[in-house]
Amino acid sequence: MASESILRVNAVDKAFGGIHAVDRCSLTVLPQSITGLIGPNGAGKSTLFNIIAGLYRPDGGEIWFDGTRIDGLPPYEIVHLGLTKTWQIPHELRNLTVLENLVLAAKGNSGERLLNLFFRPRQVKRDEKQWRARAREVLKLTQLDGLANEHARTLSGGQKKLLELSRALMSDPALVLLDEPVAGVNPALTGSLMDLIEKLRQGGRTFFLIEHDMNVVMNRCDWVIVMHQGRRIAEGRPEMVKTDPVVIESYLGG
Amino acid sequence: MASTSSGGIPNQAAGRKLPWSEVIAFVAIAVIVLAGVLAGVLAGASPQGILTNVGFYASIAIIFAVLALGFNLQWGYTGLFNAGIAGFYLIGAYTMAIAITAPSPPIVIGGIPVYPGHLGGYSLPLAVGAILAMLAAGGAAVIIALPALRLRADYLAIATLAFASILQILANNLQSVTGGAIGITGIPKPITFVSANAPFLNAITIVGIGSAILLLFLLLLQFMAESPWGRVLRAVREDEEATMALGKNTFNYKLQAFALGGALMGLAGALFAVTLGYVSPSSSFAPAVTFSVWVMVIVGGSGNNRGVIVGAFLIYGLEWLSVQLKDYVPIALAAGLPTIRLLLIVVGLIAVIAAGVFVLFSRYMPTRGWGRVLRKIQERGWVRNGTIGAFALYGLGWVFVFLEQYKPGAIGDTIFYTRLMFIGVLLIILIIYRPEGILREHKRVLR
Amino acid sequence: MAQDSGSQTSSPDRARSRWAALRPTARLRRQLVQASIFALILVAVIGGLSFVFGIIVLQYAMGGLVVSSIVIVAAIGLTVLYGIRGFANFAYGDLMTLGAYISLLLSVNGLSLVWGAIVSFFVLAVVGILLEVVIFSRLEGRGPVPPIVASVGVGLIIQNGIRSIAGTAEWLYPVPASQDIVIVPGLGIHPVRGILTLVIGVTFVLSAHILLKYTNLGKAMRATADNLELAKATGIDTKRVTYAAWVVSCSFASTAGVLLGLGTAITPTMGFDVILLIFAAVIVGGIGSPYGAMLGGLLVGLSQEMSVPFLVWLERPDVIGLQFGSAYKVAIPFIILIIVLIFRPWGIAGRRPAFARRSYFIERVTRALGGERGAIDASVGEANGGR
């Protein structure tokens, strides 16, 4: 079974000064799925995402992504393997324009190496042109193309969420970790955003998302994993999880 | 920047307005130079002497501009706050001096060592010396960066400040290398002139070479900073963690920016050594140099290469002018004292009368008058700041008058310290009210 | 979680024993053991050195202790502000200078130095509050750099204001001249510059300890330094704590300035010249930790003074013939600072931040060597696979 999964988290531990944020948590994500991760506040969901993306170093356990062990790798190398995450609180680059934000997220832009600027100017120019075109395509997809040359700090909260997703798509990831992608986004936009995610999933990507909006989780996810106090306490199809007594006790009911 | 620049800044993209702040900056530089020239004329200097003096201003301002470019690459683009600019500057100056001077053995007169000598005396060409200076300063930047760049910005500031002060101690005490307190003299000029006009011709060549170097590095930095590479630097400045999560090895970028910035500061040191003809561990490498460069970059607008050059010419211009005017300020103040006092009294009376009339007036028209003005003052930030500023200026005027009255000459004598105080005030006001600088960073519109 | 359990244990116990804090809990016992080990090592090293090199080492150690007590008073003040306001106050040295000059001004105008020091203690406290209100409160939430820039501006204003008013000449406090008290031949201590400084230093350390450990304000200060958001959430008046931090910081600066002026001479740059020494003490001890600052100050002060005989030894032509060896003593704290920054940037007494990530370089080396990896629990992995 394990070889089929795109992401396998195995007994990952993380403590912050005595508080076990993630406590021997294990889970797997199947390729081309939309997997939801739910749980009460402080269950360790965002911490787990940060560990998977390489931003925190786990105290123990291992993480496999697409046949490669990634725990302990720096975040930029994990991105290059095809795993990208978005932030719960948007980390837009405030004083850069939306288009700049997107072009930055591209992998392997030759102009980002100092020596290439001087020794391979043609390739730098070609790459930059290509990535800008790609960025405009992505912006069309996420309906931000009208704001391409605005500073990212001028966007609304919902637009910043879209920017996060757009940036994630720029690196052509196989797996995207979305940390509350629709929190603070208006309901109309939520629908189209989830449609977009569905479309991208059909194009071959995998999404693993933390969400509190039960509508989104129940209607859009194929598989739901429930975390509580740093552990995976249940998983299954959304309708199964909804009726699971353990889940109801710890989360939905309480 | 998070709290100040959220919504208040108008969008500049629409239409081309006259860039007022740039115009004001250039007019201010012109006024500074003209005032300096005027001071020279008043002192009865020859036209050539005045030009030499202006040339000196330009050459030192160019050196500061190169320092500011280096610091701008580190802080303005990458967000790395360097408090040890003077240290990299010192390394550049001493490396240049050691590389290009002729051998100078210790001097002993009557058994008393007068000069301890210094390392080197390799008589290398100037260009080689400059490259060595850049390599040495850039290498030092890498060494200091390796432990400090992983940490928060304030650790880097403290570590670099410590580094700069260790270097000053070394320059003072490691006599066999640096020549001790005397330093290294006899640094050759780019071209040796044998004529009565030598100082003038020297000033001209140095300004020429300096401008060429400044222009070259401005173009180079502009090219690099506006490239995809520079974009990553700006991303690191905005949010390092997010940039890392976008797949960039941020440590490498920080290291590159810090080393290149340090190398530029080394180049500035090399220029300084050649311009003055000697280096010594004097005030030229004191922490005040670092702080001046900060002001230059903040005034010029961090992240704006042309802006920081303007800032360097402006702020060094004030320093230069204070030297030029040192002899005239007390005389002018003494002569103008009655006029200033009269002016202050008249302005004060007018203000009091106006306020009185206003109070009377507001009694008959309750919706207008005091309450409304007070409300306006509270609502509009610039009105409030203007009012506070006017009061402060008025108070300062009286302070000047009383100082001149009871301690004549005090202002003229302390003009250097007053200048540094002014830099301090400028730092505080700019960082609170206009952290983006007078010429702010422009928006990059990609096509 | 943590504060929940804390309040549960404290509320029923409070009435029963108000001296609970003094009972030898496991933590206190551990700390006492650590402290006595540290003291023993210190005494052993100094004693050993003086046994080998003679009584002169003890003289330098005494000088080191005197310097340390000044550095510690300053470092506590700097680190309290650092912990609560989250920025490095580069004007701290100049605030010390200001304190020294205010008491100088009063003492040359007829007041005794003691009263001068007390008045400047309170004046500086007011200056601290003014600085917060006028300047630093406007820079909150803008990261560490803007307050640093502003504090450098404050420093420039103070330093050069003093230069233009009082001139650049050296001043001395009107202290009655007296000889060193000779303890053993070759080992003496000055009654004012030495003993008084030591006594005041110890008094300030104790009062800081009592303030932080046993008063509500001190507890609020520690909680705020620990976690600002949590402190706000638990109803601590963080504004009041901020002002208190400024008051403590600046009044300690004033006293440290007076002590520094007693030891040497009073000049406009006296404070700025020692600011890096104090930063070194603060960072070596762990930023924001007053107890760390005490430890760091001791280490930095002692190592600076006790390096002198070693540096003088290096001056001998048959060793390496270093010129002006003892001039390098001020570089010793920086070398300690750099070493600490490389290996333990959170300080020797500071707590390793939860979010500190080891450098990727070290990570990669351990990975290449096949070393330390997280425990792999196969059974959990198997259980997880059955989906």
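Residues numbered from 1 in each chain as written. Chains lettered and ligands numbered in written order. Predicted model: local features only at pLDDT ≥ 70, side-chain atom pairs only at ≥ 80, totals over all residues. Heavy atoms only, no water.

## A look at the overall build of chain A
The condition is simple: Elements are defined by DSSP. Helices are runs of H or I of four residues or more, strands are runs of E of two residues or more, and each kind is numbered from the N terminus. Only C-alpha atoms enter the radius of gyration; for comparison, a globular chain is expected to reach 2.2 Å times N to the power 0.38, where N is the number of residues. Burial classes: relative accessible area under 20% of the type maximum marks a residue as buried, over 50% as exposed, and values in between as partly exposed (1.4 Å probe, protein chains only). Note on definitions: a residue-residue contact is assigned when non-hydrogen atoms from the two residues lie within 4.5 Å. All accessibility values rest on the Shrake-Rupley procedure with a 1.4 Å probe; residue burial counts only the protein chains present in the view. His is not counted, nor are the chain ends; Lys and Arg add positive charge and Asp and Glu add negative charge. Think of each charge as sitting on NZ of Lys, CZ of Arg, CG of Asp or CD of Glu.
Check the secondary structure of chain A and you find ten helices and ten strands. Relative to its length of 254 residues, chain A is compact, with a C-alpha radius of gyration of 19 Å against a globular reference of 18 Å. Its C-alpha atoms give chain A principal-axis dimensions of roughly 60 × 40 × 35 Å. Per-residue burial over chain A gives 60% buried out of 254 residues. Long-range pairs, those at least 24 residues apart, make up 66% of the contacts in chain A with a sequence separation of at least 6. Accessible area for chain A stands at about 10,000 Å²; split by element, carbon and sulfur atoms hold 50% of it. Across chain A, the centroid of the 31 positively charged side chains sits 7 Å from that of the 29 negatively charged ones.

## A word on the pattern of salt bridges
Should the charged atoms of two oppositely charged side chains come close, the side chains can pair. For clarity, the cut-off: Any carboxyl oxygen of Asp or Glu that lies within 4 Å of a side-chain nitrogen of Lys or Arg is treated as forming a salt bridge with it.
If you walk through the whole model with that rule in mind, you get 23 salt bridges over all chains. One salt bridge in this structure joins A:Glu92 and A:Lys160, with 3.3 Å as the shortest N-O distance. With A:Glu92 in the loop between strand E6 (83-85) and helix H3 (98-104) and A:Lys160 in helix H6 (residues 157-170), this pair connects stretches of sequence that are 68 residues apart. For A:Glu92, a relative accessible area of 9% puts it in the buried group. Notably, a salt bridge pairs C:Glu305 with C:Lys329, separated by 3.4 Å at the nearest N-O pair. Linking C:Glu305 in helix H12 (residues 290-315) with C:Lys329 in the loop between H12 and helix H13 (332-343), this pair joins segments that are 24 residues apart in sequence. When salt bridges that share partners are traced, they join A:Glu62, A:Arg69 and A:Asp71 into one network.

## Re helix H2 (residues 47-77) of chain B
All names here are of chain B. Threshold: Given the number of residues in a helix, its expected span is that number minus one, multiplied by 1.5 Å. Values of bend correspond, residue by residue, to the angle between axes fitted over the seven residues ending at that residue and the seven starting there.
With 31 residues, H2 extends 42 Å from end C-alpha to end C-alpha; this agrees with the ideal 45 Å at 1.5 Å per step. Along H2, the largest kink reaches about 35 degrees and is centred on Phe71. The element H2 is largely enclosed, with a buried count of 24 among its 31 residues.

## Quick notes on the sheet that holds E6(A)
All names here are of chain A. Put simply, the rule is: Strand pairing is assigned whenever DSSP detects at least two bridges linking the two strands. Note on geometry: axes are C-alpha line fits, over the in-contact stretch for helices, and angles between N-to-C directions span 0 to 180 degrees.
Here six strands make up an open sheet; going across it, the order is E6-E7-E8-E3-E9-E10 and the pairing mixed. Single-partner strands in this sheet number two, and they are E6 and strand E10 (231-236). Here the average twist between neighbouring strands, direction ignored, is 20 degrees. As paired elements, strand E7 (residues 175-179) and strand E8 (residues 206-210) share five bridges and run parallel to each other. Residue Leu175 lies in a different strand from E8, and its bridge partner there is Thr206. Against the sheet, helix H7 (residues 187-202) engages strand E3 (34-38), E7 and E8, with an angle of about 145 degrees to E8.

## Topic: the confidence of the model for chain C
Residue and element names in this part refer to chain C. As a reminder of what qualifies: Per-residue confidence from the predictor is reported as pLDDT, which spans 0 to 100.
On average, residues of chain C score 80 in pLDDT, and 83% of them are at 70 or above. In the predicted structure, residues 1-21 sits below a pLDDT of 50 and forms four contacts with residues beyond four places in sequence or in another chain. Here residues 354-358 is a poorly scored stretch, pLDDT under 50, and it has 15 contacts once near neighbours within four places are set aside; other chains count. Confidence metrics for the complex model read pTM 0.86 and ipTM 0.91.

## A few points about the interface of chain B and chain C
Interfaces are frequently sized by the accessible area removed from exposure as the parts join. Formally: The term buried area denotes the loss of accessible surface (1.4 Å probe radius) that occurs when two parts are joined, taken as the sum for both partners. We define a polar contact as two N or O atoms separated by no more than 3.5 Å, with the added condition that, inside protein, one atom must be a possible hydrogen donor and the other a possible acceptor, whereas residues neighbouring each other in sequence contribute only through side-chain atom pairs. When residues are sorted by character, Ala, Val, Leu, Ile, Met, Phe, Trp, Tyr, Cys and Pro go into the nonpolar class, Asp, Glu, Lys and Arg into the charged class, and all the rest, Gly among them, into the polar class.
Opposite the 46 residues of chain B that make contact, chain C presents 47 residues. Buried surface at the junction of chain B and chain C, summed over both partners, amounts to about 4,100 Å²; 77% is from carbon and sulfur atoms. Taken as a group, B:Tyr155, B:Ile158 and B:Tyr417 account for 15% of the area that chain B buries against chain C, more than any other trio of residues on that side. At the junction of chain B and chain C, the tally comes to zero salt bridges. Between the two partners, chain B and chain C, sit four residue pairs in polar contact (both at pLDDT 80 or more). The set of elements that each furnish at least two residues to the side of chain B that touches chain C consists of helix H4 (126-148), helix H5 (153-173), helix H6 (175-178), helix H11 (287-300) and helix H17 (415-433) of chain B. For the side of chain B that touches chain C, the element with the most residues is H5(B), which contributes 13 residues. Here the residues of the side of chain B that touches chain C are counted per class, giving 34 nonpolar, eight polar and four charged.

## Considering the sheet that holds strand E2 (residues 19-29) of chain A
All names here are of chain A. Strand order in the open sheet made by the four strands is E2-E1-E4-E5, with antiparallel pairing throughout. Edge strands, defined here as strands with exactly one partner in the open sheet, are E2 and strand E5 (68-69). Of the strands in this sheet, strand E1 (7-16), E2 and strand E4 (60-65) touch helix H1 (residues 45-52), which is tilted by about 115 degrees from E1.

## Remarks on the packing of H2(B) against helix H8 (residues 228-238) of chain B
Between two packed helices, the angle of one axis relative to the other and the distance separating the axes together describe the packing. Residues and elements named next belong to chain B. Formally: Reported orientations rely on four angle classes, namely roughly parallel under 35 degrees, roughly antiparallel over 145, roughly perpendicular from 65 to 115, and oblique for the rest.
Between H2 and H8, the shortest axis-to-axis distance is 8 Å and the interhelical angle comes to 55 degrees. Put simply, H2 runs oblique to H8. Touching Leu73, Trp75, Gly76 and Tyr77 of H2 are Leu233, Arg234 and Arg237, all from H8. A breakdown of the residues in the contact of H2 with H8 according to their chemical character gives four nonpolar, one polar and two charged.

## With respect to the side chain of B:Thr275
All names here are of chain B. By secondary structure assignment, the location of Thr275 is in helix H10 (residues 250-276). The exposure class of Thr275 is buried, given its relative accessible area of 14%. One polar contact links the side chain of Thr275 to the main-chain carbonyl oxygen of Leu271, over a distance of 2.7 Å. With residues near it in sequence (within four places) discarded, Thr275 still touches Ser59, Ile60, Ile63, Lys189 and Ile206.

## Points about the packing of aromatic side chains
Ring pairs (aromatic) are described by centroid distance and by the angle formed between their planes. Heads up, the condition is: Here is the rule: rings of Phe, Tyr and Trp (six-membered ring for Trp) pair when centre to centre is within 6.5 Å. Planes less than 30 degrees apart are stacked, more than 60 are edge-to-face, and the remainder are tilted.
Tallied over the entire structure, the rule returns 27 aromatic pairs over all chains. Aromatic pair A:Phe49 and A:Phe208: ring centres 5.2 Å apart, planes at 50 degrees, arrangement tilted. A residue pair is termed long-range when its members are at least 10 positions apart, and A:Phe49 in helix H1 and A:Phe208 in strand E8 qualify at 159 residues. An identical accessibility class is assigned to A:Phe49 and A:Phe208; each is buried. Seen in terms of ring centroids, B:Phe291 and C:Phe272 are 6.3 Å apart; in terms of plane orientation they differ by 90 degrees. Their pairing is edge-to-face. One end of the pair, B:Phe291, is in helix H11; the other, C:Phe272, is in helix H11 (residues 270-285), on a second chain.

## A few points about the packing of helix H3 (residues 85-100) of chain B against H5(B)
All names here are of chain B. The N-to-C vectors of H3 and H5 enclose an angle of 35 degrees; their axes lie 8 Å apart at closest approach. Residues Gly87, Phe88, Leu90, Ile91 and Tyr94 of H3 touch H5, and the partners they reach there are Phe163, Ala164, Leu167, Gln168 and Ala171. Residue composition of the contact of H3 with H5, grouped by class: eight nonpolar, two polar and no charged.

## A closer look at unusual backbone geometry
With the exception of glycine, the majority of residues adopt a negative phi angle, and the majority of peptide bonds are in the trans configuration. Residues and elements named next belong to chain A. With a phi angle near 55 degrees, Gln32 is a residue other than glycine that sits in the positive phi range. The phi dihedral of Gln143 falls on the positive side, at around 60 degrees, and the residue is not glycine. Note on placement: Gln143 falls in the loop between helix H5 (121-141) and H6.

## Observations regarding the pairing of strand E2 (residues 112-115) of chain B
Residues and elements named next belong to chain B. One ladder, built from three bridges, connects strand E1 (residues 107-109) with E2; its direction is antiparallel. Bridge assignment links Val108 to a residue of E2, and that residue is Pro113. What sits between the antiparallel neighbours E1 and E2 is a turn of two residues, in which Gly110 has the positive phi angle 60 degrees.

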